[in-house]
Structure formats: C-alpha cells, structure tokens
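Fold and geometry: a report
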Amino acid sequence: MSKTGVMKKGISRAIKFITFRIWFRGIYSYFAKRPVQEDKVLFVEVREPGLSASFRLLYQKMRKSGCYCMHTHFLHNGSAGKWEYIRRCSVMLKDLADAKYVFLNDGCNVIGSIPMRKETVLTQTWHACGAFKKFGFSTAELKYGETAKEMQKYPYYGNTTYVTLSSPDIAWAYEEAMQLSDRRECLRPTGVSRTDVFFRESFLRAAASHFAQCVPFAAGRKVILYAPTFRGHASEAVSPDCLDVEQLRQALGGEYVLVIKHHPFVRRPPAVPDCCADFAKDVTKELSIEQLLCVSDICISDYSSLVFEYSLFERPMLFYAYDLEDYFDWRGFYYNYEELAPGPVVYTNEEIIDWIMHLEERFDRNRVRSFRKRFMNACDGHATERILSLVLQNEELSGS
C-alpha cells in the first residue's frame, strides 16, 4: 500500500474512533443520566426506510395495548450520506438512553459499542429465519466481512439481551455470528414474529387478492417465484441476471407465470424482456415477499433465507446456484449447501425447465418437511406472543 493509502486509512480509523468512542458514547452517556422510562419502547431499523415485517406484528401488538410509549428510528445505513447517518444515529442514541425496551433486527455497531445501562432490554429479532449464509463475526476475514479485530473493537451485537430464533437447532450459528459463547442464555427459540402471518387465513386471502390485481395474466396458471439474494456488499448490491426469462417462457408459458422479487438492497435490477410481458413480471415494488410466498406454487432462489419461511408451505423449491463457488468464497455457509437445500440444486436454465416439467414425479415433500422440522419448528403462528412474554417478563398486554 502506498504512503497516501496508509495515510487515508489512518485518517479513516481516527474518524471512526472519534465518532464511536467519543461522540456516540458521549451522547448516550450524557442522556443516560435520566431515569429509565419503564413504558418507553424503541424499534430501530438499521437499513430499511420503514417498519419492516420483522417488527410489524410486535409493534402493532404493543401499540394496541396502550401500555407503551412507542418510538421508531430509521438509520438508513448504506443509503444515507455519512453525515446524515451520523446525525440519525445521534438522535437515536439520545432517545435510546432512557428507554426500557429496544428492538433490533440487524447488526448495529452503533448500539453494540455503547456502554448500555443494565435496565434496558435489547431484543434482536433478526430479519431472517434459519441459518444459511454466514453473517456477523462468522464472516470475519472473509471477502464479505471486516477484520476480526475491527468487529471486536466495534461489536455489532454487543448489549444483546435476547435473540429470537426459528429453531433451537441453529443456536450454534447465532452464537458464533453474534459472539455470544459466554451468554448462551440470550439465544431463545421463541419462533420468528414475521412468520405468524402465514398462519392467518385473513392474510392468505388478502395476499391472493392483491396478487390477482397486480398480475391479472396469472389467472388459471401456476406461479413460479424467482427471489434471489443480492451480490456484493449491501451498499452496492446487484441482482443476478443469469435467469433466461424468454427461454422459460417458451418452455413453461402455457402452464406457468413467473414473478420476480429482487432483494430490497438492489437499486437497478435487470429488466424483464418486453416479449415476456404475458409471462413474467417484476413485482418487487408491488408485493411483499410474505405475500409472494403465500401465492407461489414453486420458489426458485439461491442463497436467500426466505426458503426457510417457504418451507412452512411444504411446496417445491429449486436452488439456482450457478455461481456457488464464487459465493462460497465471498461469504460462506453454515451448512454444506447441497446437503442443506430441501430441493434440487441447479446450475443452468435448462435444468430449471427440465425439473419443473417433471415436477410431479421429482418433488419430494418429505424432504421439505424434514427441513421445516429442523429449522422452523418454533414457528407456529404464536411467536409474537412468546417474544413479548419473554421480553416483558409476562406483563399483561391490555387490548390483546
């Protein structure tokens, strides 16, 4: 590295140290002199611009009770400029300083690095089920992650009181990712709040109705959902573009339609060819992933954790992993990928078409059921209730 590069890196480290260890800690410590407000609740979205599905049911139930003073903060990490992000974090820390309850659904080194008061209960609901691709400290020294030294200096999961899990089987992965080996009691297989909607008939009916309005040409045909995860870092996320939509249309268009849901981090997704307008549609901005999982007959994904949620429906899944080796080198997995996948791992469009055309004789529902039992057995439609009972220590929620 050149002298200029070394100097820039040193300046960047100094600025981060001042921001985190002096500015952020100073703000929090100053306002933490106030007494804790026993009814104050903060929901902090690190990246999302609005309240995400990970929080929605928890927020609604607590607000409906009328017992709590609800606060929300949206930090816009990855989308806001540096100074705007610092400003948002500063406002959040001031508000956090006297809060009794805090909810996070992503890693946040701003909150993880402060000297949080013992009275505050910090619950990490995480934004995904199961344990698929690596995250947190599990990515230290990988291309995707930071150095182990940096993650220990500015921890993303420090101050955690509880972590909600979709199954006890995955506790080991979260223990590693969040560095909780000395606090295993934090890991609680309560189920994941966002999955409760899949057990509600009203939500299933509404999802089907909304889908019919958004994709009218799907009437009378089966639905294939293509929902890949992003590639690269979150701030520069891109979507894979190797799915040949026109080829799928020619082979499957009579019986199926294709709906595409890109990861929310992706800003410029590949376009659907004009010639496929009667077969495929990008519904990223129109339908939530929860709605799409409900209405899809087949799901094609790659390395996304949404397959854990989709297993609740016990429907066919394909794993389009054309760049598996590169992705493994980039980020890595908690389990052997091909052994974990509850459906065929395919590498070409031809394989996708062939498997779907022979779906009836090839789909192994028992394989999906075993996957669901192993990774989603705490998700039964009542996770929100269990999480709030845990966090609030069985306080009564009036209006529930």
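Check the entry above for the structure.
Residues numbered from 1 in each chain as written. Predicted model: local features only at pLDDT ≥ 70, side-chain atom pairs only at ≥ 80, totals over all residues. Heavy atoms only, no water.

Another aspect to go through is the sheet that holds strand β7 (residues 222-226). If you walk across this open sheet you meet the six strands as β9-β8-β7-β10-β11-β12, and the pairing is parallel. Since the sheet does not close on itself, it has two edges, and those belong to β9 (280-282) and β12 (345-346), each with one partner. The sheet contact formed by β7 and strand β10 (residues 298-301) spans three bridges and is parallel. Paired with I224 across the strands is I298, a residue of β10. Strands in contact with helix α8 (residues 245-252) are β7, β8 (256-260) and β9; relative to β8, the strand with the most contacts, it is inclined by about 155°. (Pairing = 2+ DSSP bridges. Helix = DSSP H or I, 4+ residues; strand = E, 2+ residues; numbered from the N terminus. Contact = heavy atoms within 4.5 Å. Axes fitted to C-alpha atoms, helices over the stretch in contact; angles between N-to-C directions.)

With that settled, consider helix α15 (residues 365-375). Listing the buried residues of α15 in full gives V368, F371 and F375. Mapping the buried residues of α15 onto a view down its axis gives an arc of 60°, with all of them on the same face. Of the residues in α15, the exposed ones pointing more than 90 degrees away from the buried face are N366 and K373. Looking at the buried residues of α15, the elements they touch are α10 (306-310), β11 (317-320) and α12 (337-340). The N-cap of α15, judged by a side-chain oxygen 3.2 Å from the amide nitrogen of N366 a few residues on, is D364. (Buried < 20%, exposed > 50% of the residue type's maximum accessible area, 1.4 Å probe, protein only. Arc of directions from axis to C-beta. Polar contact = N/O pair within 3.5 Å; in protein donor to acceptor, adjacent residues only side chain to side chain.)

Time to look at the packing of aromatic side chains. One pass over the full model with this rule turns up 34 aromatic pairs. A ring pair is formed by Y303 and F333, whose centres lie 5.6 Å apart and whose planes are at 50°; its orientation type is tilted. Of this pair, Y303 sits in the loop between β10 and α10 while F333 sits in the loop between α11 (324-330) and α12, placing them 30 residues apart in sequence. Across the pair, F333 and Y303 agree in class, each one buried. For the ring pair F308 and F375, a centre distance of 5.3 Å and an interplane angle of 75° mean the geometry is edge-to-face. Here F375 lies in helix α15 and F308 lies in helix α10, a separation of 67 residues in the sequence. (Phe/Tyr/Trp six-rings, centres within 6.5 Å; stacked < 30°, edge-to-face > 60°.)

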